Amino acid sequence: MKVLHWILTQLLHGMARCPFWVLYGLSDIMFVILYHVVRYRRKIVVKNLTESFPDKSKHEIHHIERQFYRNFTDYIVETIKLMHISDDEMRRRMVFENIEMVDRIMESGKSIACYLSHTFNWEWGTSISLWTSAKVNEKSKFLQIYRPLADTWFDSMMLKVRSRFGAISVPKKQTLRALLGYRRDGIVTITGFLADQKPSHGDPTFVMRFLNHPTAMITGTETLARRLGMAAIYWDMQKVSRGHYKIVNHLITENVADTPDWYVTSTYGHLLEKSIERNPSTWLWSHKRWKHPVTLNKE
């Protein structure tokens, strides 16, 4: 197994050194394999799309489905490219708008809970440290919350990729302890939460209508940010063209503790829904987001 992992590691590093035009050629081949040959989760994707957009025709759903798989294979090669991409090229390809708002909040000494989603290519979001006036040092940290993967080799590989621009990956179960520690030490943080995941069993949730489904939204992020008096922003991830993205920073609130319960969670859900409706093919439709039916919260 160690030999296999070594070979895979060398292969991935070799791919990462290839120019983007080569990687996108590989992506085109992967699309044919995943979509036409393996038919990876196609039934799940079509079911999710059809139920989420009942007014769209079969032709429209088919078009979104195909484009989703093209974006998905682009995501794979783009994530591998993170192993060997220069800061300058990353800044050209991943642009952050309204970064002044982020700078202002961090300069005031307030930490930020950043709500993002599985919108392509979310892995490039860690390059925010190339745009902010705050840098990775003893006064400010860039964090991302993640769920450790079962495969330890793959988990280790992804952690290295995600730390390319200085971000620190924090396991979900250690989030509160880590953030409390940074606050105690006077360190300002901006922490990314992939808040569109299906909640884990037993997690507290807020149920809202989202993409034509009663949907259980994770509330742990809001609870934590409320306790720590953090600001909350939404990352509107947009695919501008192949290999080029932008994130527009939207302020949800400068202090979660000053908002009503579930205001931040519901606002995030509505903002994300608008982002998905603008370009449905860029969201991760292959996950079983609505596997377990839930009932809407009473108004």
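Right above here is the structure, for reference.
Residues numbered from 1 in each chain as written. Predicted model: local features only at pLDDT ≥ 70, side-chain atom pairs only at ≥ 80, totals over all residues. Heavy atoms only, no water.

### What to know about a positive patch on the surface
On the surface, R41, K198, K288 and K291 cluster together to form a positively charged patch. Tracing the chain through its elements places K291 in the segment after α10 (263-278). Since its relative accessible area comes to 51%, K291 is described here as exposed. (Patch = residues over 30% accessible without salt bridge, like charges linked within 9 Å, V, L, I, M, F, W, Y side chains within 5 Å. Areas by Shrake-Rupley, 256 points an atom, 1.4 Å probe, with all protein chains shown as cover. Salt bridge = Lys/Arg side-chain N within 4 Å of Asp/Glu carboxyl O. Lys, Arg positive; Asp, Glu negative; His and termini not counted. Charge placed at Lys NZ, Arg CZ, Asp CG, Glu CD. Helix = DSSP H or I, 4+ residues; strand = E, 2+ residues; numbered from the N terminus. Buried < 20%, exposed > 50% of the residue type's maximum accessible area, 1.4 Å probe, protein only.)

### Quick notes on the side chain of S127
Among the secondary structure elements, S127 is positioned in the loop between β2 (112-116) and β3 (140-146). On the basis of relative accessible area, S127 is assigned to the buried category, the value being 0%. If we skip the residues at most four places from it in the chain, S127 touches M90, M94, F96 and F165. (Contact = heavy atoms within 4.5 Å.)

### With respect to helix α3 (residues 42-52)
Of the residues making up α3, those classed as buried are R42, V45, N48, L49 and S52. The buried residues of α3 occupy an angular sector of 135 degrees when the element is viewed end-on, so they sit on one face. (Arc of directions from axis to C-beta.)

### Some points on the layout of surface pockets
Taken as a whole, the largest pocket spans an internal volume of roughly 1300 Å³. Y75, H118, W122, E123 and R162 are, among the 49 residues lining the largest pocket, the residues nearest its centre. Listed by contribution, the elements that provide at least two residues to the lining of the largest pocket are α1 (2-16), α4 (58-81), β2, β3, α7 (152-162) and β5 (188-194). Among the elements that make up the lining of the largest pocket, the one with the highest residue count is α7 (six residues). Residues that form the lining of the largest pocket fall into these classes: 31 nonpolar, 10 polar and eight charged. Its boundaries defined by the atoms lining it, the second largest pocket holds a volume of some 420 Å³. Forming the boundary of the second largest pocket are 20 residues, of which K172, T175, I218, G220 and T221 lie nearest the centre. A per-element tally of the lining of the second largest pocket places helix α9 (residues 220-228) first, with five residues. (1 Å grid on protein atoms, 1.4 Å probe; cavity = no way out; pocket = protein on both sides within 12 Å on 5 of 7 lines; lining within 4 Å. Points joined across faces, edges and corners; volume = space filled by probe spheres on them. Nonpolar A, V, L, I, M, F, W, Y, C, P; charged D, E, K, R; others polar.)

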